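Listed here are the chains, written in short residue letters.
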Amino acid sequence: MSEVKLAAETRTEFGKGAARRIRRDNKVPGVLYGHGSDPLHLTLPGHELLLALRTPNVLISLDIDGKSTELAIPKAVQRDPLKGFLEHVDLQLVQRGETVTVEIPVQTEGELAAGGNLLEHVLNALPVEAEATHIPEAVTVSVEGLSAGASIHAKDITLPKGVTLAVDEDAVVLQVLAAQAEEAPEGGEAAGEEAAEA
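Residues numbered from 1 in each chain as written. Predicted model: local features only at pLDDT ≥ 70, side-chain atom pairs only at ≥ 80, totals over all residues. Heavy atoms only, no water.

Asker: Mind laying out the overall build of the protein, listing which residues take part and the relevant values?
Answerer: Summing up its helical and strand segments, the protein has 3 helices and 13 strands in all. Contacts in the protein between residues at least 24 apart in sequence constitute 63% of all its contacts with a sequence separation of at least 6. In the structure as shown, the protein presents an accessible area of about 11,800 Å², 48% of it carried by carbon and sulfur atoms. (Helix = DSSP H or I, 4+ residues; strand = E, 2+ residues; numbered from the N terminus. Contact = heavy atoms within 4.5 Å. Areas by Shrake-Rupley, 256 points an atom, 1.4 Å probe, with all protein chains shown as cover.)

Now the structure itself:
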């Protein structure tokens, strides 16, 4: 996993007004916490942070005020619901060699069996434990030839070396559903009439 270096500044102003000023400067307010230390309030470069967050569970090397360097992973990202820009980010302090619990995206490959089957992602992300500097970006699962009723459990997914499940091994991650046949128009109308009478 690659490491992204970001310059961060400690901040002393808090509240909505301060956050708006920070965002006007194309920066993002954030908090760094973990290892029992007091939360550290930071200002991060907006564009570089946005690019870094395109990688799930990205490892960020923070150069704080040019005085110290800390490793962190994103734990919570708040975006503007309409415009999508970053509003705030929570970062968790990590150390090399430390095991962390994260969720990694589940990707699929292959084609389901013929017949209009639908693939349901019961879990979009798989909770795992991994060494902080070796978090996989995603896991890929083959769904080739699976038909309705088939399911893939957490224990069926091959994980990279050094990565373990942080969820019940029998948890369903993916399942294949039969496509729903459309009701005949008469059945739909009759059901509607009964509901109206009730």
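Anyway, onward from the coordinates.
Asker: Got a sec to walk through the sheet that holds strand β3 (residues 37-45)? Specific residues and values, please.
Answerer: Sheet strands line up and pair through hydrogen bonds in the backbone, either parallel or antiparallel. Taken in spatial order, the 6 strands line up as β1-β3-β2-β6-β5-β4 and close into a barrel, and their pairing is mixed. Each strand axis lies, on average, 45° off the axis of its neighbour in the sheet, ignoring direction. Pairing geometry for strand β4 (residues 59-64) and strand β5 (residues 68-79), over 5 bridges, is antiparallel. Along β5, the bridge assignment pairs S61 with L71. Each of β2 (27-34), β3 and β6 (86-94) is contacted by helix α1 (residues 16-24), which is oriented at about 120° to β2, the strand it contacts most. (Pairing = 2+ DSSP bridges. Axes fitted to C-alpha atoms, helices over the stretch in contact; angles between N-to-C directions.)

Asker: With reference to specific residues and values, describe the pattern of salt bridges.
Answerer: Where charged atoms of side chains with opposite charge meet at close range, the side chains can pair. Overall, the coordinates contain 3 salt bridges when judged by the stated rule. Of the charged contacts in the structure, one is a salt bridge between E9 and K27, with a shortest N-O distance of 3.3 Å. Of the two residues, E9 is situated in strand β1 (residues 3-10) and K27 in strand β2; the sequence distance between them amounts to 18 residues. Among the ionic pairs, K155 bridges to D170, the shortest N-O distance being 2.8 Å. With a gap of 15 residues between them, K155 in the loop between β11 (151-153) and β12 (164-165) and D170 in the loop between β12 and β13 (172-177) connect regions that are remote in the sequence. According to the relative accessible area criterion, K155 is partly exposed, its value standing at 47%. (Salt bridge = Lys/Arg side-chain N within 4 Å of Asp/Glu carboxyl O. Buried < 20%, exposed > 50% of the residue type's maximum accessible area, 1.4 Å probe, protein only.)

Asker: How would you summarise the side chain of R11 if you had to cite specific residues and measurements?
Answerer: Locating R11 in the fold gives a position in the loop between β1 and α1. One buried charged residue, R11, forms no salt bridge at all, with the nearest opposite charge on D90 at 7.4 Å. Of note is the side chain of R11, whose polar atom sits 2.8 Å from the backbone oxygen of L42. Beyond its immediate chain neighbours, meaning those up to four positions away, R11 contacts I22, P29, G30, V31, H41, L42, T43 and H88. (Lys, Arg positive; Asp, Glu negative; His and termini not counted. Polar contact = N/O pair within 3.5 Å; in protein donor to acceptor, adjacent residues only side chain to side chain.)

Asker: Lay out the pairing of β13 with the relevant residues and their values.
Answerer: Relative to β13, strand β8 (residues 118-121) runs antiparallel, the two being bridged by 4 bridges. When the sheet's bridge partners are listed, L119 is paired in β13 with V176. Taken together, the 3 bridges between β11 and β13 define a ladder with antiparallel strand orientation. Residue pairing for β13: S151 is matched across the bridge by Q175.

Asker: Any details on the nonpolar core? Residues and values, ideally.
Answerer: Membership of the largest hydrophobic core comes to 23 residues, with the highest contact counts inside it found for L126 and I157. For this core, the elements supplying multiple residues, two or more each, are β5, β7 (99-109), β9 (125-131), β10 (139-142) and β13. Here this core takes 4 residues from β7, the largest share from any one element. If sequence neighbours within four positions are ignored, L126 has contacts with V102, E103, I104, V106, V139, A154, I157, L159, L165, V167 and V173. (Core = buried A, V, L, I, M, F, W, Y, C linked by side-chain atoms within 4.5 Å.)

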